[in-house]
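# Residue-level structure breakdown
One letter stands for each residue in the lines below.
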Amino acid sequence: MSRPTRRQVLHGSAAALAGAALAAPVAFADTAAAHPADGHGQAAGDEPSGGHEMPMPFDEMYQGRHIEGWPADEEGGQNGGHHSSGSHAEHRAGQAGPHDGMDFVVRIDNNDLHVMRNADGSWISLVNHYETFTTPRALARAAVRELQGADLVPVVTG
């Protein structure tokens, strides 16, 4: 029985490595990591954000926490009563409102979660600052998971 040469072993190894590299994306496409149930990517019940389109408002209970969100230019969100102190007249008179500079308002148990939209249309928050999310709903759900039952402390500026 003859032993393989070094050249034959190297060629065989290179062919096996190339085959594995080509097969990996196909194998990964059907795993749970490629299709997350929540958080990154498209979650069940989430609408696509469509790049730079404004996401749809939401109001739901998630893991025992009340999460809600709406475009900041809509007064008071879906239920009409989500209005912090300060009247419209004060806001027009030059005082900054609680949601100035924000595209979308997200609340967890009636406390504002500061969210920011990235240039690529993804979303981040102060709770999950190094993770991006496709929608504010997915971001709010991830923040609830990260808080692990702790209260959200509002950001105080000025």
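All values derive from a computational prediction rather than experimental measurement. (Residues numbered from 1 in each chain as written. Predicted model: local features only at pLDDT ≥ 70, side-chain atom pairs only at ≥ 80, totals over all residues. Heavy atoms only, no water.)

## Examining the confidence of the model for the chain
Per-residue pLDDT for the chain averages 72, and the proportion of residues at 70 or more is 59%. Confidence, read as mean pLDDT per element, is least for helix H2 (residues 88-92) in the chain (36) and greatest for strand E1 (residues 58-62) (96). Taken together, the stretch residues 30-50 has pLDDT below 50 and engages in 35 contacts with residues farther than four places along the chain or on a different chain. (pLDDT = per-residue confidence, 0-100. Helix = DSSP H or I, 4+ residues; strand = E, 2+ residues; numbered from the N terminus. Contact = heavy atoms within 4.5 Å.)

## Section: the side chain of Glu60
Residue placement: Glu60 occurs in strand E1. Within polar-contact distance, the side chain of Glu60 engages the side chain of Arg141 at 3.0 Å. Residues contacting Glu60, with those up to four places away along its chain left out, are Arg65, His66, Ile67, Arg137 and Arg141. (Polar contact = N/O pair within 3.5 Å; in protein donor to acceptor, adjacent residues only side chain to side chain.)

## Thoughts on helix H3 (residues 136-147)
An α-helical segment advances 3.6 residues per turn. Residues three or four places apart therefore align on the same side. Here H3 spans 16 Å end to end across 12 residues, near enough to the 16 Å set by a 1.5 Å rise per residue. With 10 of 12 residues buried, H3 is to be regarded as a mostly interior element. Among the residues making up H3, those that are buried are Pro136, Arg137, Ala138, Leu139, Ala140, Arg141, Ala142, Ala143, Val144 and Leu147. Turning to H3, the residues buried within the fold contact E1, strand E2 (65-71), strand E3 (104-108), strand E4 (111-113), strand E5 (115-117) and strand E6 (123-125). One or two steps after H3, the chain reaches Gln148, where phi turns positive at roughly 50°. (Expected span 1.5 Å × (residues − 1). Buried < 20%, exposed > 50% of the residue type's maximum accessible area, 1.4 Å probe, protein only.)

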